[in-house]
Amino acid sequence: MDFNLQIRMNISAEAIGRLPDNPCPKGYCLRTLRPGDEVNLPGLMVSAGVGWTPFDATGMTEYLEAPDRWDGSHVVEADGVLAALCFATRRDGVDPVWGQLDYVCVRPGHRGAGLGFLVCAAVLQYQRRRGYPASTLTTLTVTPDNLQLAAIKTYLSLGFLPVETERNQEVCETVYRAMGCPLPVDWWPSDSPFPPIDVPDEPMG
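Described in the following lines is the structure provided in the data block. Values in this document were obtained by computation on a predicted structure and should not be read as measured data.

### A word on the packing of helix 5 (residues 115–129) against helix 6 (residues 149–158)
Here's step 1: In contact at an axis separation of 10 Å, helix 5 and helix 6 are set at 45° when each is read in the N-to-C sense. The orientation of helix 5 with respect to helix 6, classified from their angle, is oblique. The handedness of the crossing between helix 5 and helix 6 comes out as right-handed. For the pair formed by helix 5 and helix 6, the contact residues are Gly116, Phe117, Cys120, Ala121 and Leu124 on the first element and Thr154, Tyr155, Ser157 and Leu158 on the second.
Here's step 2: Residue classes in the contact of helix 5 with helix 6 are distributed as six nonpolar, three polar and no charged.

### Quick word on the nonpolar core
Here's step 1: Counting residues in hydrophobic clusters, the biggest one holds 36 residues, and the most contacted among them are Ile7, Leu101, Leu124, Val142, Leu158 and Phe160.
Here's step 2: Within the residue set of this core, elements represented by two or more residues are strand 1 (8–12), helix 1 (13–16), strand 4 (81–91), strand 5 (98–106), helix 5, helix 6 and helix 7 (169–179).
Here's step 3: In terms of residue count, helix 5 provides more of this core than any other element does, eight residues in total.
Here's step 4: Grouped together as the second largest cluster of nonpolar side chains are 15 residues, Leu41, Ala48, Val50 and Phe87 included.

### Some remarks on helix 7
Because an α-helix completes one turn every 3.6 residues, residues spaced three or four positions apart along the sequence face the same direction.
Here's step 1: Inspection of helix 7 places Val171, Cys172, Val175 and Tyr176 among the buried residues, and these make up the whole buried set. Viewed end-on, helix 7 has its buried residues packed into an arc of 135°, placing them on one side of the element. Across helix 7 from its buried face, at more than 90 degrees, point the exposed residues Glu170 and Arg177.
Here's step 2: Those residues of helix 7 that are buried are in contact with helix 6 and strand 7 (161–162).
Here's step 3: Gly180 sits one or two positions beyond helix 7 and adopts a positive phi of about 75°.

Conventions adopted
Residues numbered from 1 in each chain as written. Predicted model: local features only at pLDDT ≥ 70, side-chain atom pairs only at ≥ 80, totals over all residues. Heavy atoms only, no water. Axes fitted to C-alpha atoms, helices over the stretch in contact; angles between N-to-C directions. Helix = DSSP H or I, 4+ residues; strand = E, 2+ residues; numbered from the N terminus. Parallel < 35°, antiparallel > 145°, perpendicular 65-115°, else oblique. Left-handed = near helix turned anticlockwise from the far one by under 90°. Contact = heavy atoms within 4.5 Å. Nonpolar A, V, L, I, M, F, W, Y, C, P; charged D, E, K, R; others polar. Core = buried A, V, L, I, M, F, W, Y, C linked by side-chain atoms within 4.5 Å. Buried < 20%, exposed > 50% of the residue type's maximum accessible area, 1.4 Å probe, protein only. Arc of directions from axis to C-beta.

Pasting the structure below:
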């Protein structure tokens, strides 16, 4: 089977409320953004392979002006180096407002320590405290050669559920089998206010 698409996943505020309070590994510090981070964030993102072509410090500063970005986004720092990141986005186009996670990334050399879970959970808890009923994200492009297993495993462990579409059913089943997850796929149980992302490389954030 040939495929090339992104998968939308949603999580309810109720599920966010059940997240465990995982401690930060020794030597790491989980925190919100602070002035000066805009200089170092692009390098983290490039190192993790998520792109960010326009994001020099000036572009990053403009991006961070969006609602919730400064207060809700979280990073993990180790010895003065940004090791992991998750941006908080507020989706104002729906009523009630939802949260969104963007550009989740972990620097190579710091993977495998659960840092992606930590930054995502911190952003989700922030969005729950803001009163958002749910949060959403889209995966990077999933292909037969890159099933995005590590990222999707993290999202499923957080409590995210994929939004079912005509195109992604077999893809999600393929991903679940590769991770050893039981089938059938546990889909998002209600309508999603945001359309599925079934086209590759659709901009996030």
